[in-house]
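So you can see what is in the structure, the chains are spelled out below.
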Amino acid sequence: MGRYRGFAQVEYEFVRRRVYAPFDWTTFEEPSPRRGLERPLERSRIALVATAGAHLPGQPAFDLGKGGDSSYRELPADTDELRFSHVGYDTRRADEDPDVVFPLSLLRRLAAEGEIGELAPRAFSFMGYIPETEPLLHQTGPEVAGKLLADAVDLVLLVPS
Amino acid sequence: MGLLQRILDQHGLATVSLTQIREITELVKPSLACLVEHPFGLTLGAVGDEATHRAVLRACLAEATRPHPAGTIVDLGFRWERDDLRARQLRKQAH
């Protein structure tokens, strides 16, 4: 009997045995507070935040080492120049069609078609393997939150990979 | 993903996320998550399958407009039936 259910236990055992021995899930007893959307989607400014390891060609790739990488990249919402670096999935699929994990292009089309109001001026990209969560919780995560607030976004869409 | 979402929630932002693994999201308890049982690296669907990408995104965004209590995980009903990639990934036998 493991500590966790299903894939949470599989991943827990895999990472500890093969990648990063001190790894454990960061868990919570209570959900974080929910703020509802205050205007219709067709008038909302939506920001994309994803953990696919997307970055621009001129930006540094993410660190694929065993300690993970809690840094992030800012990407202008109109970019089509995406690269991907990630240890947790085969990035060749995203190279071929970024919308599978980083749907910036699709969100632009939804905005052009009037289904959403507009895209926020910048998207934020992390690489999802972050076994040591303190820098994310206390530095890079709050930094991105501040930038999203500065961009006056109505809704943040988070996409894992 | 859930940890980052929790930080954004704590800063007063409205958020909605996709998740591929319910049991991990249940450990972290972000404000609102939408389950799609697709493979890692194909969160919105297969390469080139824009119809599914759009359907996933529309369904997810629609849930953000609904009055769910904090901690809700909505199953959007998307399942991966093309091959056994997801099943092998869940056994750590594929990347």
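These figures come from a predicted structure and were not determined experimentally.

Caption draft 1: Expanded view of the overall build of chain B. For chain B, the count of helices and strands is four helices and three strands. Going from N to C terminus, chain B has its helices and strands arranged as α-β-α-β-α-β-α. On the principal axes, the C-alpha backbone points of chain B span a range of 40 × 30 × 15 Å. The burial tally for chain B puts 46% of its 95 residues in the buried class.

Caption draft 2: How the structure looks around the overall build of chain A. When its secondary structure is counted, chain A shows four helices and seven strands. Secondary structure elements of chain A, listed N to C terminal, follow the sequence α-β-β-β-β-α-α-β-β-α-β. In terms of overall size, chain A behaves like a compact globule, its C-alpha atoms giving a radius of gyration of 17 Å where 161 residues would be expected to give roughly 15 Å. On the principal axes, the C-alpha backbone points of chain A span a range of 50 × 35 × 30 Å. When each of the 161 residues of chain A is scored for burial, the buried share is 39%. Residue pairs in contact within chain A that sit at least 24 positions apart in sequence constitute 75% of those at least 6 positions apart.

Caption draft 3: Examining the nonpolar core more closely. Within the largest apolar cluster, 58 residues are counted, with the highest numbers of intra-cluster contacts made by I46, A47, L48, V49, F102 and V156 of chain A. The contact partners of A47 of chain A, leaving out residues within four places of it in the chain, are A120, A123, L148, D151, V153 and V156 of chain A.

Caption draft 4: A look at the interface of chain A and chain B. On the chain B side, the residues contacting the 54 residues of chain A number 48 residues. A per-element tally of the side of chain A that touches chain B places helix 4 (residues 134-150) of chain A first, with seven residues. Along the lines of polarity and charge, the residues of the side of chain A that touches chain B split into 33 nonpolar, 11 polar and 10 charged. As judged from the three bridges shared by strand 7 (residues 155-159) of chain A and strand 1 (residues 15-19) of chain B, these two strands associate in the parallel manner. The residue bridging L157 of chain A from the neighbouring strand is V16 of chain B, located in strand 1 of chain B.

Caption draft 5: Representation of the pairing of strand 6 (residues 122-126) of chain A within the structure. Residue and element names in this part refer to chain A. Of all five residues in strand 6, five are buried, a share of seventy percent or more. Going residue by residue along strand 6, you find R122, F124 and F126 tucked away on one face and A123 and S125 tucked away on the opposite face as well. Bridge count between strand 1 (residues 45-50) and strand 6: two bridges; the pairing is parallel. Bridge assignment links V49 to a residue of strand 6, and that residue is F124.

Caption draft 6: Summary view of the environment of G41 of chain B. Among the structural elements, G41 of chain B can be located in the loop between strand 2 (32-37) and helix 3 (50-64). C-alpha separation for the pair G41 of chain B and P69 of chain B, spaced 28 residues apart in sequence, amounts to 29 Å.

Caption draft 7: Region of interest: the packing of helix 4 of chain A against helix 1 (residues 2-10) of chain B. Running from amino to carboxyl end, helix 4 of chain A crosses helix 1 of chain B at an angle of 55 degrees, the nearest separation of the two axes being 9 Å. Taken together, helix 4 of chain A and helix 1 of chain B sit at an angle that is classed as oblique. As helix 4 of chain A packs across helix 1 of chain B, the resulting crossing turns out to be right-handed. The residues of helix 1 of chain B that touch helix 4 of chain A, namely those facing L136, L137, G141, P142, A145 and L148 of chain A, are L3, L4, I7 and L8 of chain B. Among the residues making up the contact of helix 4 of chain A with helix 1 of chain B, the classes are represented as nine nonpolar, one polar and no charged.

Caption draft 8: Spatial organisation of the environment of T79 of chain A. Mapping T79 of chain A onto the fold places it in the loop between strand 3 (72-76) and strand 4 (83-84). As for T79 of chain A and P33 of chain A, which are separated by 46 residues in sequence, their C-alpha atoms are 32 Å apart.

Caption draft 9: Spotlight on the pairing of strand 3 (residues 72-79) of chain B. Residue and element names in this part refer to chain B. Sheet topology note: the strand 2/strand 3 ladder contains five bridges and is parallel. Residue A33 lies in a different strand from strand 3, and its bridge partner there is I73. Remark: the strand 2/helix 3/strand 3 crossover connection has left-handed handedness.

Caption draft 10: Here's a closer look at the confidence of the model for chain B. Looking at chain B, pLDDT values average 97 and 100% of them are 70 or higher. With pTM at 0.97, the complex prediction returns an ipTM value of 0.98.

Caption draft 11: Region of the structure containing unusual backbone geometry. Phi angles above zero are rare outside glycine, and A152 of chain A is one such case at about 55 degrees. Within the element layout of this structure, A152 of chain A appears in the loop between helix 4 and strand 7. For A152 of chain A, a count of 10 C-beta atoms within 10 Å translates into the label exposed. The residue K92 of chain B is not glycine, and still its phi comes out positive at about 60 degrees.

Procedures and definitions
- Residues numbered from 1 in each chain as written.
- Chains lettered and ligands numbered in written order.
- Predicted model: local features only at pLDDT ≥ 70, side-chain atom pairs only at ≥ 80, totals over all residues.
- Helix = DSSP H or I, 4+ residues; strand = E, 2+ residues; numbered from the N terminus.
- Buried ≥ 20, exposed ≤ 12 C-beta atoms within 10 Å, placed from the backbone.
- Rg over C-alpha atoms; globule rule 2.2 N^0.38 Å.
- Contact = placed C-beta atoms within 7 Å.
- Core = buried A, V, L, I, M, F, W, Y, C linked by C-beta atoms within 7 Å.
- Nonpolar A, V, L, I, M, F, W, Y, C, P; charged D, E, K, R; others polar.
- Pairing = 2+ DSSP bridges.
- Axes fitted to C-alpha atoms, helices over the stretch in contact; angles between N-to-C directions.
- Parallel < 35°, antiparallel > 145°, perpendicular 65-115°, else oblique.
- Left-handed = near helix turned anticlockwise from the far one by under 90°.
- Right-handed = clockwise from strand over helix to strand, strands pointing away.
- pLDDT = per-residue confidence, 0-100.

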